[in-house]
Amino acid sequence: MSIEVAIEKDFGSFRLNVSFSGGNEVLAILGGSGCGKSMTLRCIAGIVRPDRGRIAVDGVTFFDSERNINLPPQQRRVGLLFQNYALFHNMTVEENIAAGVREKLSQKEKLALARQSISKFRLDGLEDHLPRALSGGQQQRVALARILIGQPRILMLDEPFSALDSYLRWEMELELKETLRTFPGTTLLVSHSRDEVYRLAQHVCLLEHGTSEPVQTVQDLFERPATRAAALLSGCKNYARCTPCGSRELDVSDWGVRLHCAAEIPPGAVLLGVRRHYVRPAGQNGVENTFTCTVQQVIDNVFSTIVLLRPCTVAQDAHYPTLEMELEKADWTALALAPGDPISISIAPKDLLLLRDNEPPGAAAEAPRRR
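Residues numbered from 1 in each chain as written. Predicted model: local features only at pLDDT ≥ 70, side-chain atom pairs only at ≥ 80, totals over all residues. Heavy atoms only, no water.

Here we take up the nonpolar core. Within the largest apolar cluster, 42 residues are counted, with the highest numbers of intra-cluster contacts made by V93, I97, L123 and L157. Filtering out sequence-adjacent residues up to four positions away, V93 remains in contact with I118, L123, L126, E127, H129, L134 and V142. (Core = buried A, V, L, I, M, F, W, Y, C linked by side-chain atoms within 4.5 Å. Buried < 20%, exposed > 50% of the residue type's maximum accessible area, 1.4 Å probe, protein only. Contact = heavy atoms within 4.5 Å.)

Written out as structure tokens, the structure reads:
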């Protein structure tokens, strides 16, 4: 089972340029709002026609601009789960699921197949209910059952948990993970949640302003992001402009400090990224990369404390003059510090993320320039 996508679509003010491939796995498409994630799925499903390029699933060419191939949606056998589930409001649960059967069978035979799916998706007792009488989780199970009964070549999930509250989202994620484990094909998971991607997917394709980055493993995205966009989407909060001054030394101009890196600095690295839980009080990361900051603000989080810091040697023209540190509440309380107090912090050489800046000209920076 495989998918190959290399397409372009010009919408005037927005241009989609996406290229990726995947196998028998969950491949996530991760990006912020408006980056083209849902539009990519619609192109694969045949709802939107790309301007140029190629789409193939399991050796079947869905679209090829050079060969003038563009299969209609009904011939692609794509299972697309919309954010609102798109159930037929005048049909019962049983009838909705039966509507997904692709074979030319009688309605009686389709309903018999639907009843098997009802049991599989734990919808017993809801056969005669209309969608408006179902909870969000039940509606999602009906939508998935309707899709899978049609034996799709590929399963595509467009923000599958966006309409659910936090508790139900977790319950449905556990159920969906089991469903995906037994699906014999490629699943595309569109999400803006790095946590969902981390738990459900094996590989990820990042989308930034309509343009895709090379597919990478989920582990690489979180441990070794190569670009500013990748670091942002993986949850990194701290950034600073930097310049290599040796194979493993960085002049961090925004903070006015020099830091040592555990690995050689890759070509094109112009930004430093640091996850806030890797910023520690001096001594906890050893003696390397220690410098003094001033506590600016203390934010009491649910299970931790987030501290906004300003390096004492910050540059006057700094783009990113502050950094965040996250500690266990007890660890912060033990320091007995308040806004305005000095604090020595350290960042281990192995925890420095060396990034290329792939922000397109004229685009607004997503990482905040804190003052």
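Let's pick the thread back up.
Residues of strand β17 (residues 271-274) alternate between two faces, with L271 and G273 on one and L272 and V274 on the opposite face, all of them buried. For β17 and strand β23 (residues 353-355), the ladder comprises 3 bridges, and the chain directions are antiparallel. By the bridge assignment, L271 is partnered in β23 with L355. (Helix = DSSP H or I, 4+ residues; strand = E, 2+ residues; numbered from the N terminus. Pairing = 2+ DSSP bridges.)

In this section: unusual backbone geometry. One non-glycine residue, Q151, lies in positive phi territory at about 50°. With respect to the helices and strands, the residue Q151 is situated in the loop between α5 (136-148) and β8 (154-158).

Time to look at helix α6 (residues 166-182). Taking 1.5 Å of rise per residue, 17 residues should cover 24 Å, and α6 covers 25 Å from first to last C-alpha, within 8% of that figure. For α6, every residue scored as buried is listed here: M172, E173, L176, T179 and L180. An end-on view of α6 places all buried positions within 130° of arc, on one side of the element. Relative to its buried face, α6 has exposed residues pointing more than 90 degrees away, namely Y167 and R181. In the core, the buried residues of α6 are packed alongside β3 (26-30), α5, β8, β9 (186-191) and α7 (194-200). (Expected span 1.5 Å × (residues − 1). Arc of directions from axis to C-beta.)

In this section: the packing of α5 against α6. Interhelical geometry of α5 versus α6 gives an angle of 20° and a closest axis separation of 10 Å. Between α5 and α6, the crossing angle belongs to the class labelled roughly parallel. As α5 packs across α6, the resulting crossing turns out to be right-handed. Together, G136, G137, Q140, R141, L144 and L148 of α5 and L168, M172, E175, L176 and T179 of α6 make up the contact between the two elements. (Axes fitted to C-alpha atoms, helices over the stretch in contact; angles between N-to-C directions. Parallel < 35°, antiparallel > 145°, perpendicular 65-115°, else oblique. Left-handed = near helix turned anticlockwise from the far one by under 90°.)

Counted by the stated rule, this structure contains 22 salt bridges. For E94, the salt bridge goes to R115, with nearest N and O atoms at 3.1 Å. Placement of the pair is E94 in helix α3 (residues 93-98) and R115 in helix α4 (residues 107-120), with a sequence separation of 21 residues. Residue classification places E94 among the buried positions, given a relative accessible area of 13%. Overall, the relative accessible area of 42% leaves R115 in the partly exposed class. Between D317 and R241 there is a salt bridge, with the nearest N and O atoms lying 4.0 Å from each other. Of this pair, D317 sits in the loop between β20 (304-311) and β21 (323-328) while R241 sits in strand β13 (residues 238-241), and the two are 76 residues apart along the sequence. With a relative accessible area of 55%, D317 lands in the exposed category. Each of E4, R54, D64 and R67 takes part in salt bridges that share partners, so that together they form one network. (Salt bridge = Lys/Arg side-chain N within 4 Å of Asp/Glu carboxyl O.)

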